[in-house]
Amino acid sequence: MKVRELMEEVRQLSVWTPATYKTYKYCVDVLCAEFEHGDPDLEEITVSWLTGYRARCLARLSPVTFNSRRRHFCVLWKHAVSRKYIEENIFRLVRPAPVPRKPKAIPREVLARYVQVLSSARRELRDGTEVDMFPPQFFWLAVVKTFYTTGMRLRQLVGLKWKDIDWVARSIRLRAETSKTKREWDVPISDALLPTLEDLRRRTREIVGYDLADRQVFCLPLFSARPFKHDVMTGERVIRFFARFHSKQDEDSVRMTAHKIRHTTATQLLRGNRSSLKVVQELLGHTTPYTTLQYVHPDLEDMRAAVDLL
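Residues numbered from 1 in each chain as written. Predicted model: local features only at pLDDT ≥ 70, side-chain atom pairs only at ≥ 80, totals over all residues. Heavy atoms only, no water.

S.K.: How should helix α1 (residues 3–13) be read in this particular structure?
M.R.: Since the α-helix turns once every 3.6 residues, residues separated by three or four places project in the same direction. Those residues of α1 not exposed but buried are Val3, Leu6, Met7, Glu9 and Val10. Around the axis of α1, the buried residues are gathered within 165 degrees of arc, so they sit on the same side. Looking at the packing, one finds that the buried side of α1 touches α2 (18–32) and α4 (63–82). (Buried < 20%, exposed > 50% of the residue type's maximum accessible area, 1.4 Å probe, protein only. Helix = DSSP H or I, 4+ residues; strand = E, 2+ residues; numbered from the N terminus. Arc of directions from axis to C-beta. Contact = heavy atoms within 4.5 Å.)

Dropping the structure here:
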């Protein structure tokens, strides 16, 4: 069996989202490009070849990138073993690359400073006119606040529609089709987030009218002065904003990403027993509390407070 054939078989038997398929296809395309004929048999992927492939990847890629690709191939090869196409999953024999341990959560005071920047940062044009540093600034501020107060993932934010918001119950429905775990659940709208979403709704209605149900909540093309090829918001646009924002901060500043904000939400909620593990698990949509614990990153002051009790 060929590698691409294996991927298509797993795809047909699974329930992959378009984004999932795109990721698997990219991993397979990169691996197949290592072979002149462009699509190797499974037997051609040996342990010795794979160790060489790992070395070549790590010479130009980060350990995290290689490990991500390895995890995807582990899934494909596991299926191949179960169908007896091959005898063993060699991707489990070749270990992942070691990754330096870095805190994923953003310190609360740092995130608060970033929010303050998005609330007030201005720059001056040549004619003396002052404009937002990161236009449209109200929009990006709403994005960051929504990430932080709901713990939702990037794909959930860009997939959010106005009909998913229950203004009476003050909740947001995170639909299964935008969920990594294919689950659907509700998250509350906090007191801090409510006026931000109401302002975004008002601004959206001023542009497109009152029929918002199936429209994206966070639709950058509506508010940007720059032309867009498509009239929908993509996750790539959010990633680019965070990169642009980071480029304007100090060289040693903490990079802000959607996933880091999600880690920050979990850490802050569980710090000092502000919330229970079960509540945070449900908020983040994790299937097990073990996964939620991986999102919690005590800092030095947390550890100091703990040992001071001894």
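S.K.: What should I look at first to understand the nonpolar core in this one?
M.R.: Across soluble globular proteins, you tend to see nonpolar side chains buried next to one another. Core analysis: the biggest nonpolar cluster contains 42 residues, and Phe139, Trp140, Phe147, Ile172, Phe218, Phe242 and Met256 have the highest contact counts within it. Ranked by residues supplied to this core, first place goes to helix α7 (residues 137–150) with seven residues. Those residues in contact with Trp140, other than ones at most four positions away along the chain, are Leu118, Phe134, Pro135, Leu220, Met233, Arg237, Val238, Phe241 and Arg244. (Core = buried A, V, L, I, M, F, W, Y, C linked by side-chain atoms within 4.5 Å.)

S.K.: Sorry if this is basic, but what is going on with the sheet that holds strand β4 (residues 171–174) here?
M.R.: Within a sheet, each strand pairs with its neighbour through backbone hydrogen bonds, oriented either parallel or antiparallel. A sheet is described by the order of its strands in space; here three strands give the open sequence β3-β4-β5, paired in antiparallel fashion. Edge strands, defined here as strands with exactly one partner in the open sheet, are β3 (165–166) and β5 (185–188). (Pairing = 2+ DSSP bridges.)

S.K.: I tried to follow the confidence of the model for the protein chain on my own but got confused; where do I start?
M.R.: In low-pLDDT regions, the fine details of the predicted coordinates are not to be read closely. Here the protein chain averages 92 in pLDDT, and 99% of its residues register 70 or above. When mean pLDDT is compared element by element in the protein chain, β3 scores highest at 98, while helix α15 (residues 300–307) scores lowest at 80. (pLDDT = per-residue confidence, 0-100.)

S.K.: In this structure, what is going on with the side chain of Gln249? I would like to understand it.
M.R.: Position of Gln249 relative to the elements: it lies in the loop between α11 (235–247) and α12 (258–270). At 3.0 Å, the side chain of Gln249 forms a polar contact with the backbone oxygen of Phe245. In this structure, Gln249 is in contact with Tyr114 and Phe134, ignoring residues within four places of it in sequence. (Polar contact = N/O pair within 3.5 Å; in protein donor to acceptor, adjacent residues only side chain to side chain.)

S.K.: Is there a simple way to think about the packing of aromatic side chains in this case?
M.R.: If you walk through the whole model with that rule in mind, you get 19 aromatic pairs. Relative to Phe218, the ring of Phe139 has its centre 6.1 Å away and its plane inclined at 75 degrees; by these criteria the two rings are edge-to-face. Taken together, the residues Phe139 in helix α7 and Phe218 in the loop between α9 (194–208) and α10 (220–223) connect sequence positions 79 residues apart. Like Phe139, the residue Phe218 is buried in the burial classification. Relative to Phe223, the ring of Phe139 has its centre 6.0 Å away and its plane inclined at 40 degrees; by these criteria the two rings are tilted. With Phe139 in helix α7 and Phe223 in helix α10, this residue pair connects regions lying 84 residues apart in the sequence. (Phe/Tyr/Trp six-rings, centres within 6.5 Å; stacked < 30°, edge-to-face > 60°.)

S.K.: Would you explain the pattern of salt bridges in this entry?
M.R.: Side chains bearing opposite charge may pair, as long as their charged atoms lie close to each other. Taken as a whole and judged by the stated rule, the model has 19 salt bridges. When the shortest N-O distance is used, the salt bridge between Arg122 and Asp132 registers 2.7 Å. Placement of Arg122 in strand β1 (residues 122–124) and of Asp132 in strand β2 (residues 130–132) is noted, with a sequence separation of ten residues between them. On the accessibility criterion, Arg122 (41% relative accessible area) is partly exposed. The exposure class of Asp132 is partly exposed, given its relative accessible area of 23%. Taking the shortest distance from any N to any O, the salt bridge between Asp191 and Arg170 comes out at 2.5 Å. Of this pair, Asp191 sits in the loop between β5 and α9 while Arg170 sits in the loop between β3 and β4, placing them 21 residues apart in sequence. Given a relative accessible area of 62%, Asp191 falls into the exposed group. Judged by relative accessible area, Arg170 falls into the partly exposed class, the value being 28%. (Salt bridge = Lys/Arg side-chain N within 4 Å of Asp/Glu carboxyl O.)

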